[in-house]
Each structure stands twice: as C-alpha cells, then as structure tokens.
Amino acid sequence: MISLIVAYANNQVIGKDGVMPWHLPADLKHVKELTTGQTIVMGRKTLEGIGKPLPNRRNVVLTRNLDFHMPGVDVVHTKEEVLALGDVIIFGGAEIYRQFLDVVDRMYITEIHLDTQGDTYFPAWDRDAFTLVDKREGIIDEKNRYPHAFCTYERKSDMK
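Residues numbered from 1 in each chain as written. Predicted model: local features only at pLDDT ≥ 70, side-chain atom pairs only at ≥ 80, totals over all residues. Heavy atoms only, no water.

A word on the overall build of the protein chain. For the protein chain, the count of helices and strands is four helices and ten strands. Overall, the protein chain shows an N-to-C arrangement of helices and strands of β-β-α-β-α-β-β-α-β-α-β-β-β-β. Scaling as 2.2 N^0.38, a compact globule of 160 residues should have a C-alpha radius of gyration of about 15 Å, and the protein chain matches this with 15 Å. For the protein chain, the proportion of its 160 residues judged to be buried stands at 46%. Within the protein chain, contacts between residues separated by at least 24 positions form 61% of all contacts whose residues are at least 6 apart in sequence. Of note, the protein chain has its 20 positive side-chain charges centred 3 Å away from the centre of its 23 negative side-chain charges. (Helix = DSSP H or I, 4+ residues; strand = E, 2+ residues; numbered from the N terminus. Rg over C-alpha atoms; globule rule 2.2 N^0.38 Å. Buried < 20%, exposed > 50% of the residue type's maximum accessible area, 1.4 Å probe, protein only. Contact = heavy atoms within 4.5 Å. Lys, Arg positive; Asp, Glu negative; His and termini not counted. Charge placed at Lys NZ, Arg CZ, Asp CG, Glu CD.)

Let us now look at the pattern of salt bridges. Within this structure, the stated rule accounts for six salt bridges. Residue glutamate 154 is joined to arginine 106 by a salt bridge in which the shortest nitrogen-to-oxygen separation is 2.9 Å. One end of the pair, glutamate 154, is in strand β10 (residues 148–155); the other, arginine 106, is in strand β7 (residues 106–112), and 48 residues separate them in sequence. For glutamate 154, a relative accessible area of 29% translates into the label partly exposed. (Salt bridge = Lys/Arg side-chain N within 4 Å of Asp/Glu carboxyl O.)

Turning our eyes to something else, we now look at helix α1 (residues 25–35). Of all the positions in α1, only Asp27, His30, Val31 and Thr35 are classed as buried. Taken end-on, α1 shows its buried residues confined to a sector of 110°, consistent with a single buried face. Within α1, the exposed residues directed more than 90 degrees away from the buried face are Lys29, Lys32 and Glu33. In this structure, the buried residues of α1 make contact with β1 (2–8), β3 (39–43), β6 (88–92), β7, β9 (130–137) and β10. Two residues or fewer past α1, glycine 37 is found with a positive phi of approximately 85°. (Arc of directions from axis to C-beta.)

Quick look at the sheet that holds β7 now. Here eight strands make up an open sheet; going across it, the order is β5-β4-β3-β6-β1-β7-β10-β9 and the pairing mixed. Bordering the open sheet on either side are β5 (73–76) and β9, each of which pairs with just one other strand. Direction aside, the axes of adjacent strands within the sheet are offset by 25° on average. As paired strands, β9 and β10 are joined by seven bridges and run antiparallel to one another. By the bridge assignment, phenylalanine 130 is partnered in β10 with arginine 155. (Pairing = 2+ DSSP bridges. Axes fitted to C-alpha atoms, helices over the stretch in contact; angles between N-to-C directions.)

Pasting the structure below:
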C-alpha cells in the first residue's frame, strides 16, 4: 500500500522558506503514531530540513543526486525503486507528493485552518477519486493554537 502523510494550511500551503509556517505539536504526535515502525519516503530537501533521519522508521530518500549519502538513510533515485519497496508512506516534499499522487491508496491529511503565506504547496488532487473515511477534529489549547482536523482519505476502488 502506498500512503501519504501531509499537513497543510488553507490553500494547501505546506511550507515557507524550507519549514512549516506553524507549530502544531498535536500533528507531530499524529505523524509519529502513524509512521513509527514504517518506511517513510521523502525528498532530499525534506530530510535536510528535518536535519536527521527520524528514529524508529526506515528513512528512504528519493533524489536525483547520485552523490547523496547520509548515515541511517536508504537512497533511491526513481519512482519505480520506491514502488518496489512495498508498503511506504510518502513523507514529502511537494515534488515527491506530486510524483506519487497518481498511485497513492491512502492519504493522511492534517487540515490546518490557517491563512498563512507560503512558497511550497501540496499539489492539487482529485477529491472525487477519494473517500473521506475518518475525520477527527483536533483540540485547540495553549500549545495547539490553530483549528485543525486529522483526515484520512482512501482511493475509491473504481478510480485505480
């Protein structure tokens, strides 16, 4: 199964200047719960933005840079190599999401109800090809100041 995980603000903003333009600890906890023990696939820039491989996960970087190496990270260079890995969670960034939208089976999307400026966006996707199978409203508190919802979408079987 090919899954995808992303948090985006209004207008599908996912980043500004290489970082997320919000701080939402509840989403970080959600991501950890969903990805621990799994294989996550990200682009080189996403990994560099994080700074190190995420613990307790198989970290795979998809990059065109044939010289890229980092301890604790498996490196692949093609979409086909990623698909050959079996069950994976696409972890970003925008270009990696764009490459895999046509084959993703499930999407975990944290929708953050925030108007913010950005320079990186989650690509447009065909909502008619997916069914919303779960939606949980996030709790707003002193650490999680933005309204948000954790949504799970699954591709409709007739849309594959």
